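A closer look at the structure
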Amino acid sequence: MRITRRDFINGVLMGSGAVLVAARTSKARQPMPHTEVGEAWYGEGGVGDYAPSHGNTPEGVNTAHRLRDGRFASFPNTLPVDEHYDVVIVGGGMAGLGAAWHFKKHARPDQRCLLLDNHPLFGGEAKENEFHVDGETLLAPQGANGFFVPAFADDPESVTGDARYYAEFAIPRELPYGDWAKGITPLNICRDNYGYLHWLLEHNTDVGYFFGTPNGGQWVKNIWQNQLEDTPWSRQQRQSMLAWRNSRNDTLADGRRDPWLDSMSYQTYLQHEKGLGPEAAAAADVFLAAAFGLGSDAVSAWVAKDVAMPGMLSQAQFQQTMPRRQAFPGGNSGFARYFLKHIMPAAIAGGKHFDDIMTGRINFAALDQAGSPIRIRLRSTAVSVQHAAGKHGPVQVVYMHGGKPHVVRTKGVVMASGGWMNRHVVSDLPDDFMHAYLQFNHAPFLVANVGLSNWRFLYELGVTACRWLDGFAYTCNVRQPMYVGRHKPVLHPDKPIVLTFYIPFYTPGLPVKAQTVKGRSELLHTTYADYERQIIAQMTTLFAATGFDAERDIRGIILNRWGHAYVVPEPGFFYDTNQRTAPRNIIKQGYGRIAFGHSELQGFQHWGPAADEGRRAMEQVLFS
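What you see is a predicted model; the values in this text were computed from it and never measured.

Two modes of strand pairing occur in sheets, parallel and antiparallel, and in both the strands are linked by backbone hydrogen bonds. An order of β8-β3-β2-β12-β18 is seen for the five strands of this open sheet, with the pairing classed as parallel. Bordering the open sheet on either side are β8 (374-377) and β18 (594-596), each of which pairs with just one other strand. Mean inter-strand twist for the sheet, computed between neighbouring axes without regard to direction, equals 20°. Pairing geometry for strand β3 (residues 113-116) and β8, over four bridges, is parallel. Its bridge partner lying in β8, leucine 115 is registered against isoleucine 376.

As a further point, take helix α7 (residues 266-273). Note: α-helices contain 3.6 residues per turn, so residues at a spacing of three or four share the same orientation. Those residues of α7 not exposed but buried are Tyr266, Tyr269 and Leu270. The buried residues of α7 occupy one face: seen down the axis, they fall within an arc of 95°. In the core, the buried residues of α7 are packed alongside α5 (235-245), α6 (258-261), α8 (278-292) and α9 (301-306). Looking one or two places after α7, you find glycine 275, whose phi comes out positive at around 70°.

Glancing now at the nonpolar core. Counting 88 residues, the largest nonpolar core has Trp244, Tyr266, Met309 and Phe596 as the members making the most contacts within it. If one sorts the elements of this core by residue count, α8 sits on top with eleven residues. Beyond its immediate chain neighbours, meaning those up to four positions away, methionine 309 contacts His198, Trp199, Trp244, Tyr266, Ala284, Phe287, Leu288 and Ala304. Judged by nonpolar contacts, the second largest core, of 53 residues, contains Val87, Ala107, Tyr338 and Val621.

Cut-offs and rules
Residues numbered from 1 in each chain as written. Predicted model: local features only at pLDDT ≥ 70, side-chain atom pairs only at ≥ 80, totals over all residues. Heavy atoms only, no water. Pairing = 2+ DSSP bridges. Helix = DSSP H or I, 4+ residues; strand = E, 2+ residues; numbered from the N terminus. Axes fitted to C-alpha atoms, helices over the stretch in contact; angles between N-to-C directions. Buried < 20%, exposed > 50% of the residue type's maximum accessible area, 1.4 Å probe, protein only. Arc of directions from axis to C-beta. Contact = heavy atoms within 4.5 Å. Core = buried A, V, L, I, M, F, W, Y, C linked by side-chain atoms within 4.5 Å.

Printed below as a string of C-alpha cells:
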C-alpha cells in the first residue's frame, strides 16, 4: 500500500555529503561487494533545514564504498595548497563541535580553525526531522535523544560531560512540556524515546506489550505491575524474568571490580555469576541494543553496571528514585544547536533564548565566512590526512567539495569523525593505531519517524509506548511534547503527533562482527518502499483493531539510517590488562600533530562525553 503524503513539501532532497574515507586499502579489510543506492533507497526527508540530511545520505554511502574499494585515484602530492589554518577539525558531530567550542574559548586572537563535515547539516547523529501536519509543526530526533538534567555546577571548568556544557550554555533546567488537552484523561507518557525501555523508568509510561496469536493478538498493559501474571509466558519464564529484575549485588558499588566486569559480557555475568536462565538476558536485549547497538551477549558487563541494569545495583541503590529523562523536540539536535549558537551566534536566527536556539532557522551563509576565526564547511569530505614532513611537522588535509579536491595545510588536526572512517582517511596511521581501530565493531541503527494525523488508536489501548516480540522492529512510542518556538503541538489523541521506531539490528548467538555485518547489509539493501511496507504492515497488525487506518492516519514516514551508529562496547573495551592495552586508550594518545576525539572512545556514546572527547583532542593539538 502506498500512502498519501499530503503534508510533505519539497519531496526528496538528495544530500551530497560523503563519509570520510580514503582510497588507501592496503591496511584495511578487504572490500565488500557494494550496490549503489539512490532516491528509492533514501526516501522522504520532511521539510525545513534538515530535509536534505536524514541519516546517511546516498552520496555519502556511495562515495564511502567507492573510496574504500580503491575506485578513486590517489591524489598527487603536487596539488596546490588552497588555505592555511592552525587547526582543522574533521567531523561536525558533538565531538567536533566540542573541539570547536574549546578552540573558540582558548585560541589566540590570531589563530584560525576550519571544521569540515561531510553532511549537508552539522550535528552527526544529533539531527532532527520536521513534519508539517494539519497546521502543526512536529519535530522528532533522527538519532541521539534523551538525557537526565545534570547536577548544577558553579564552576563548569571543574566538571566534565553534560554538567560542564549545561552550565556553560545556561541551558534551562526546568523544561516547558505541554500538558494534556482539556477533557482528555491523561495517560503516562515518556518524554524521550528510551526511558520506557529501562526497567527502572518504565513505570513512568503506560507500556503495552503485544503478544501475537493465530487469531490476532493479545495486549497486556504494564506487565510488571502484576508480576507478569497476565502474560502468556510460562510460569518458569515468568519466574526467571522476575528473578532477573529483583537481582541485587552489594559488592560492585565502589568500582574495584570494574576491570573484572569488563572481562565478560552481561549475558555471561547473568548466567555464570547470578545463575539466571536465558530469559534474563533476552529481557535485557532490547534496551541494551537500543542504547549500544547489540544485546547482552555482546556488551560488556561493565556497561550494564554503568546503566544500572538488574544484578548490578546494591539494595541501597535500588531503593533510590531515578529522575525522569528529558528530550528536546528534535532530540539531541538541541545540544548541537547550543554549541553552534555559542561558537558563531549568527548561524541560528534570533538571540540566545531557548526558543530561538531550539527552532530558529539556520543561517548557512554564516557558517563559512572569510575572516572568521572558526569556519564550518559542510558537504566537505576529507579523503586524506597525513603529516607533510614528519610527524612533528604540518599536516596536509585533502577534501572534496563541489566535486573537486581542495588542499589545506594546518598545524594540527582533530579527527572527530568515526573510527571506521579514520582508519581509511589518515594516510600515515601507525600500525598499532590501525590494529586498535580494527578491533572496533560498529552496529547499524534505523530510526523511523511516522508523522500521524492522530493517534486515537493508541489512546484506545490506554498506552503511549508499545513492545512486541515478532514482526518488524521491537518497539515504538509517542512522546510528551515540549512547547518551544514554533513547536507547540496539542497533546490530544485526535491531533497530530510523531510515532517513533528505534530499531537496532541484533542477532543473539552470532559473533559480534557477524551481527554487525548482517544488520548493515539489511540496512543497505532494503529500499525505502520496502521499509514503508513493513512499517505499515506492523502498525496494522498492532493497531487495526482499535481503528488504525494507514491511508487516513499516516502523513509521512522519514527513515534515518545510520550504518555505523554505535561502537559496540564489548568485553575488554574499557580497561587495560597485563596482556593488552584497551584499543580506545591507544587511539586517545594521538600521534604527531593528529589527535583523535570522537564519541566512540567513551564506549557510551552520549552528547556531553562526546564533546569532552573533542575538547581533549583539541587540547592535544592546540597546546602541544
